[in-house]
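So you can see what is in the structure, the chains are spelled out below.
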Amino acid sequence: MPPISVLAGADVVLVGLFSAKDQQIDAKLDLLATSVGAHGGRVVSRYVQRRGVSRGGAAKMAVPFSRRTLLSPGKAREIAQACRAAGVGVAVFVNPLTKHQRAVLGGMFGCSVISGDDLSPPVARC
């Protein structure tokens, strides 16, 4: 797990994969933004990937698009381009991430990648 000290003074993007049924997206992102701010980070943007009817129906709403990135390839590229263009220091995911996902996403985004689970107090899970 990367140290949360990477947030101090960093420009941060928030990222989350949510079920289309989730009605608490804004609340979860707001809670995560508060936690990031408490650790010295500055949220500069938010990215939401919704999983629903368009990609596999209700049965797959809670399943990641990719084991490597959690997100769809297009959303991962969109966020990577934005992070690199803005010189973002840290991407914080609402969702729990594996060590492999952190490494892959960090390489794509060009910044540190952590999960809200790494912050205290813990943020609400999807």
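Residues numbered from 1 in each chain as written. Predicted model: local features only at pLDDT ≥ 70, side-chain atom pairs only at ≥ 80, totals over all residues. Heavy atoms only, no water.

Peer 1: How would you sum up the overall build of the protein chain? Please name residues and give values.
Peer 2: Looking only at helices and strands, one finds three helices and four strands in the protein chain. Taken from N to C terminus, the helices and strands of the protein chain fall in the order β-α-β-α-β-α-β. Counting the 126 residues in the protein chain, one finds 46% classified as buried. Long-range pairs, those at least 24 residues apart, make up 67% of the contacts in the protein chain with a sequence separation of at least 6. When the accessible surface of the protein chain is totalled, it reaches about 6300 Å², and 55% of it is carbon and sulfur. (Helix = DSSP H or I, 4+ residues; strand = E, 2+ residues; numbered from the N terminus. Buried < 20%, exposed > 50% of the residue type's maximum accessible area, 1.4 Å probe, protein only. Contact = heavy atoms within 4.5 Å. Areas by Shrake-Rupley, 256 points an atom, 1.4 Å probe, with all protein chains shown as cover.)

Peer 1: Any details on the packing of aromatic side chains? Residues and values, ideally.
Peer 2: Taken as a whole and assessed by the stated rule, the structure comprises one aromatic pair. Between phenylalanine 93 and phenylalanine 109, the ring centres sit 6.4 Å apart and the planes meet at 10°, which makes this aromatic pair stacked. You can see phenylalanine 93 sitting in strand S3 (residues 90–93) and its partner phenylalanine 109 sitting in helix H3 (residues 99–109), a full 16 residues away along the chain. Residue phenylalanine 93 shares its accessibility class with phenylalanine 109, and that shared class is buried. (Phe/Tyr/Trp six-rings, centres within 6.5 Å; stacked < 30°, edge-to-face > 60°.)

Limitation: the analysis is restricted to geometry and does not speak to function.
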